[in-house]
Structures are given as C-alpha cells and as structure tokens.
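# Structural overview
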Amino acid sequence: MTVRAVDGINWIVGWLLAGLILVMTVLISWQVFARYVMGDSLSFSEEVARFSMVWMTMLGAAYAYRYGSLISVDLLTSLSGPRVARVLRIVVAAASCLFAYVLLSEGLNITQRVAMQVAPSTRVSMAWLYGAMPAGAALMLLNAVAILAEDFAGLRDDPALDGEGSA
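Report on the accompanying structure. Here the structure is a predicted model, which is why all the values come from computation and not from measurement.

About the thresholds
Residues numbered from 1 in each chain as written. Predicted model: local features only at pLDDT ≥ 70, side-chain atom pairs only at ≥ 80, totals over all residues. Heavy atoms only, no water. Helix = DSSP H or I, 4+ residues; strand = E, 2+ residues; numbered from the N terminus. Contact = heavy atoms within 4.5 Å. Axes fitted to C-alpha atoms, helices over the stretch in contact; angles between N-to-C directions. Parallel < 35°, antiparallel > 145°, perpendicular 65-115°, else oblique. Left-handed = near helix turned anticlockwise from the far one by under 90°. Nonpolar A, V, L, I, M, F, W, Y, C, P; charged D, E, K, R; others polar. Phe/Tyr/Trp six-rings, centres within 6.5 Å; stacked < 30°, edge-to-face > 60°. Buried < 20%, exposed > 50% of the residue type's maximum accessible area, 1.4 Å probe, protein only. Lys NZ or Arg CZ within 6 Å of the ring centre and 35° of its normal. Expected span 1.5 Å × (residues − 1).

Attention now goes to the side chain of Asn10. Along the chain, Asn10 turns up in helix H1 (residues 3-36). Those residues in contact with Asn10 that sit more than four places away from it in its chain are Tyr63, Arg66, Tyr67, Leu139 and Asn143.

Moving on, we come to the packing of helix H4 (residues 82-113) against helix H6 (residues 132-153). Where H4 meets H6, the axes come as close as 8 Å, and the angle between the chain directions of the two elements is 160°. Classified by the angle their axes make, H4 and H6 are roughly antiparallel. Two packed elements cross with a definite hand, and for H4 against H6 that hand is left-handed. Here the residues of the contact of H4 with H6 sort into 21 nonpolar, three polar and three charged.

This model, assessed by the stated rule, comprises three aromatic pairs. When the ring of Trp11 is compared with that of Trp15, the centres are 6.3 Å apart and the planes differ by 70°; the resulting orientation is edge-to-face. A residue pair is termed a helical-turn pair when its members lie 3 or 4 positions apart in one helix, as Trp11 and Trp15 do in helix H1 at four residues. Across the pair, exposure class does not vary: Trp11 and Trp15 are exposed alike. Both rings, one in Trp30 and one in Phe33, keep their centres 5.3 Å apart while their planes meet at 40°; by these two values the pair is tilted. Of this pair, Trp30 and Phe33 both sit in helix H1, three residues apart, which is roughly one turn of the helix. Assessed through its relative accessible area of 41%, Trp30 is described here as partly exposed. Over the ring of Tyr67 we find Arg66; its NZ or CZ atom is 6.0 Å from the centre of that ring.

Looking now at H4. Each full turn of the α-helix corresponds to 3.6 residues, which orients residues three or four apart in the same direction. Between the first and last C-alpha of H4 there are 46 Å, a value that for 32 residues agrees with the 46 Å anticipated at 1.5 Å per step. Taken as a whole, H4 has its buried residues at Ala85, Arg89, Ile90, Ala93, Ser96, Cys97, Ala100, Leu103, Leu104, Gly107 and Thr111. Looking at the buried residues of H4, the elements they touch are helix H2 (45-66), helix H3 (75-79), helix H5 (127-130) and H6.

As structure tokens, this is what we get:
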C-alpha cells in the first residue's frame, strides 16, 4: 500500500470526522431546544451523540497522528542531530505499530464479545460503539506504516529544519 493511498483514506476519514461533529452539533442543539423550549427531551439524541464522540475520538486520534498533530514530548529530537532524530522517529513509529496492532486485535475481541448486546435507546448492537476501537487502531496502524515508509524513503521533512525546535 502506498503512502498516497493512506493519505486518500485519511482524506475520507477527515470528511467522516466533519460529518460526525455535524451530527453531534445538530443532535445536542436539538436536544437543548426540545428540553427547554418544547418541554420534552429526545430519547435517542444523547446516545447517538455519545457514540459519535467515541468514533470521533478513535478516528481523530489516528488522523492527528498521521499529521503530527498529537501532543508529544520532542525534547530528545530537538536536542539531537538529524540522524538521531530520524532514528527516534522510526523507533516511535515502530512502537506505534505495535501498540496499534495490540489495540486492533483486542478491540476486535471486545467488539465480538459485545455484539449481542444492544444500546438502550437506539436498540443497535453495541458492536457499533466498540467497533470504533479496532477501526481507529487499523487507521493508526496504516498511518504508522505510512510514516515509516516516508522515513525510509527519505520523503519526510526534518522537523529541526522547520523552525519548530529553534529558539
């Protein structure tokens, strides 16, 4: 799988994240309106908003990881030279691959175990909620592999040259 294909998947995920935040905004706004103006609350809106938030968290973390938007401690990379910084990036990406693999396999296991349970308001399978974990882990694994591929191909820019670490 090429880095370009992974970036295409991330483009789709970006739009999915935008859609999920739109769903959450509309449902929560409607819930507030229904409760305080109409005097009656919706039975499903909080649950759907909660499900959306879980999916946004898992997919959003993997999406942010790809573009280096997650919070990180980069003291070692900023104090070291370009070669050591590259080795550190590779080690971190490899560790991320391992973490994502464990999260993916355990997430699939948990999702299978809760598949027969249903959500109280929407009556959908809880697998829809717990499926966010393996989906996010799979995206994180793809993104970590893409980061490794870029580093090994020499396509990644050196963050020390971007001015981020300079004083």
